[in-house]
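# Notes for the structure review
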Amino acid sequence: VNKENIVSIQSQVFDGFCGNNIASFVLRRRGHVPKILSTVQYYSKYKHCGVELKCEDINTILREFSTYIETSLDSPDNKIYFLTGYIKAKDCVEAVTSRILELKKKKKKEKTVAANGGMVIDSNDHVERSANCHVERLTNCHMDESANSGAKVILPECRHHEECLIENLVDQRYFWMCDPVMGDHGRLYVDSDVVGVYKNFISHVDIITPNQFELELLCDIKICTEKDVIACLTHLLNKGVRIAIVTSVHYNFDINHLYLYVGFLNKKKELICYKYKIFRFDFDVCGSGDLFASLLLSFIVTHGGNILLIISKVLNILHNVIKNSLGSLELKIIENQDIIAGEGTNDRLIEGEPVFT
Ligand code: PXL
């Protein structure tokens, strides 16, 4: 019996690569058996003509999945991982999030029943998460600051630090990775009222992976400096998100690089934040975010372990796939399938460095 249930809810296109066209290939090529729900069937990511699922259709399919989970795989060991991406309309985002939260409630009850010898204790996840979540300072693991360039280098033991372990940060039995796909570079490609829905449901998300524009929308903060990024990540974590990752921060003072930031709270509710400096290719093709999210989910499901190392590996794969796609209008997903299926360690890893205020 396959106890790993990965559900990917994203767009599908007739031509090219984005959304589920990427996620279904990446997840299957890496050995998973994902369940795929496509919220729209468009011509391409450049031409949004085609069919959009109605929220009733989404409800029908996800209710059926919920019944399937309850009846045929009725065991607390079953793991469910949701990956959500492009959803165009407000009522559809609401339908998806409501079904995810319903199932989560059921799974939580199941766990509490098992842990209490049959007695149901209905814990309130939301309150439990956001209580006492104020950020006092930015902390870090041991660092070596003596390196000649003055650059901060993370020592290897940091990688194994308990507070960076994915197992300690999220409940892997029931997990929601939300890529709040809304737009890029100041342009929305979903209905504008979708923003408010994501804001409302954000406290239930385990990992959120917005790009810079989407992070600005979610937090109502314009990002110009690192301080702004920290303010945004802090905002999301205080709302209850377990791990916040912004995938593509670009600064006017450094046009040759993009920055990825990852933030989470340690047991003392202090912010732990790391950044990754990424070489910026002259490649402005959507889909890199979709590739990042599906690879990240795969590594989390298969390996677990240190989130900082997982991000390094995923960025390593992404870097190589983009490098090999330069000059094309599409990510070359199929041509790079062996890189995509790999462990991301064939090159020097892009390392995270701790961020302080
Ligand atoms: O890559 C994000 C994405 C997903 N789905 C559709 C898109 C885009 C970006 O343009 O158009 C349909």
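Further up the page is the structure itself.
An account of the accompanying structure is given in this report. The structure presented is a predicted model; accordingly, all values stated were derived computationally and were not measured.

## With respect to the pairing of strand S1 (residues 4–13)
With eight of ten residues buried, S1 lies mostly within the body of the structure. Pairing analysis gives six bridges linking S1 to strand S2 (residues 35–42), with the strands arranged parallel. The partner of glutamine 10 across the bridge, within S2, is serine 38.

## A short note on the packing of aromatic side chains
If you walk through the whole model with that rule in mind, you get nine aromatic pairs. A ring pair is formed by phenylalanine 14 and tyrosine 43, whose centres lie 5.3 Å apart and whose planes are at 35°; its orientation type is tilted. Residue phenylalanine 14 is located in the loop between S1 and helix H1 (19–29), and its partner tyrosine 43 is located in the loop between S2 and strand S3 (50–52); the two are separated by 29 residues in the primary sequence. Classification of tyrosine 43 as partly exposed rests on a relative accessible area of 36%. Between tyrosine 251 and tyrosine 259, the ring centres sit 5.4 Å apart and the planes meet at 55°, which makes this aromatic pair tilted. In terms of burial, tyrosine 251 and tyrosine 259 fall into one category: buried. Among the aromatic side chains, those forming a connected cluster through ring pairs are Phe65, Tyr68, Phe82 and Tyr174.

## Quick word on the packing of H1 against helix H10 (residues 288–302)
Between H1 and H10, whose axes approach to 9 Å, the crossing angle comes to 30°. In this view, H1 runs roughly parallel relative to H10, as classed from their interaxial angle. Here the hand of the crossing between H1 and H10 comes out right-handed. Across the interface between the two elements, Gly19, Ile22, Ala23, Val26 and Leu27 of H1 pack against Asp290, Leu291, Ser294, Leu295 and Ser298 of H10. A per-class count over the contact of H1 with H10 returns six nonpolar, three polar and one charged.

Conventions adopted
- Residues numbered from 1 in each chain as written.
- Predicted model: local features only at pLDDT ≥ 70, side-chain atom pairs only at ≥ 80, totals over all residues.
- Heavy atoms only, no water.
- Buried < 20%, exposed > 50% of the residue type's maximum accessible area, 1.4 Å probe, protein only.
- Helix = DSSP H or I, 4+ residues; strand = E, 2+ residues; numbered from the N terminus.
- Pairing = 2+ DSSP bridges.
- Phe/Tyr/Trp six-rings, centres within 6.5 Å; stacked < 30°, edge-to-face > 60°.
- Axes fitted to C-alpha atoms, helices over the stretch in contact; angles between N-to-C directions.
- Parallel < 35°, antiparallel > 145°, perpendicular 65-115°, else oblique.
- Left-handed = near helix turned anticlockwise from the far one by under 90°.
- Contact = heavy atoms within 4.5 Å.
- Nonpolar A, V, L, I, M, F, W, Y, C, P; charged D, E, K, R; others polar.

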